[in-house]
Amino acid sequence: VFVHCFLELVAKQFVPEAKELLHRHRGDHEPEHSDEIELLVSVSDATHLDTHAVARRYLKSSKSRVWLSHDSDRALTEFLHNSRLSLIVRII
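Residues numbered from 1 in each chain as written. Predicted model: local features only at pLDDT ≥ 70, side-chain atom pairs only at ≥ 80, totals over all residues. Heavy atoms only, no water.

Re the nonpolar core
So, step 1. Counting residues in hydrophobic clusters, the biggest one holds 20 residues, and the most contacted among them are Phe6, Leu7 and Leu40.
So, step 2. At seven residues, helix 1 (residues 2–11) tops the list of elements feeding residues into this core.
So, step 3. If we ignore the near neighbours within four places in the chain, the residues touching Phe6 are Ala18, Lys19, Leu21, Leu22, Leu40 and Val43. (Core = buried A, V, L, I, M, F, W, Y, C linked by side-chain atoms within 4.5 Å. Buried < 20%, exposed > 50% of the residue type's maximum accessible area, 1.4 Å probe, protein only. Helix = DSSP H or I, 4+ residues; strand = E, 2+ residues; numbered from the N terminus. Contact = heavy atoms within 4.5 Å.)

Encoded structure:
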């Protein structure tokens, strides 16, 4: 989910926000995915998404739909807004 959010932000031209997301949360993912995180650092605009190996691998993998109840959706949306993560709301 983290990588897909990052790539979606880049694809939608929110590159500074994508870099901030990567910087802020990379520590949560580096223990298991340090090599991939280092490669994602080099993705700096949407044109890289077609040629970047890690980006292509994640973009080709299927995204999963998660169905939420109305209450769960409202709680998630409220949490994201309260956490000032409104760009994530746009993605989901």
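As for the environment of Val89
So, step 1. Take Val89: it is sitting in helix 5 (residues 86–91).
So, step 2. Taking the C-alpha atoms as reference, Val89 lies 9.6 Å from Glu78; in sequence the two are eleven residues apart.

Here we look at a nonpolar patch on the surface
So, step 1. Side chains of Val66, Leu68, Leu76, Phe79 and Ile92 sit close together on the surface and give an oily, nonpolar patch of about 500 Å² of accessible area.
So, step 2. Topologically, Ile92 is positioned in the segment after helix 5. (Patch = residues over 30% accessible without salt bridge, like charges linked within 9 Å, V, L, I, M, F, W, Y side chains within 5 Å. Areas by Shrake-Rupley, 256 points an atom, 1.4 Å probe, with all protein chains shown as cover. Salt bridge = Lys/Arg side-chain N within 4 Å of Asp/Glu carboxyl O.)

Let's talk about the packing of helix 1 against helix 2 (residues 15–40)
So, step 1. At a minimum axis separation of 9 Å, helix 1 and helix 2 run at an interaxial angle of 145°. Handedness of the helix 1/helix 2 crossing: left-handed. On helix 2, the residues that touch Phe2, Val3, Cys5, Phe6, Leu7, Leu9 and Val10 of helix 1 are Val15, Glu17, Ala18, Lys19, Leu21, Leu22, His25, Arg26, His29, Ile37 and Leu40.
So, step 2. Of the residues contributing to the contact of helix 1 with helix 2, the split by class is 13 nonpolar, two polar and three charged. (Axes fitted to C-alpha atoms, helices over the stretch in contact; angles between N-to-C directions. Left-handed = near helix turned anticlockwise from the far one by under 90°. Nonpolar A, V, L, I, M, F, W, Y, C, P; charged D, E, K, R; others polar.)

Thoughts on the pattern of salt bridges
Any two side chains of opposite charge can pair if their charged atoms end up close together.
So, step 1. What the rule picks out here adds up to four salt bridges.
So, step 2. Residue Glu20 pairs with Arg24 through a salt bridge whose shortest N-O separation is 3.2 Å. One end of the pair, Glu20, and the other, Arg24, are both in helix 2, four residues apart, so they sit about a helical turn from each other.
So, step 3. You can call Glu20 partly exposed: its relative accessible area is 36%.
So, step 4. A salt bridge links Glu30 to Arg26; the nearest nitrogen and oxygen atoms lie 2.9 Å apart. Placement of the pair is Glu30 and Arg26 together in helix 2, with a separation of four residues, close to one helical turn.
So, step 5. Classification of Glu30 by relative accessible area gives partly exposed; the value is 24%.
So, step 6. Salt bridges sharing common partners tie together Arg26, Glu30 and Glu38.

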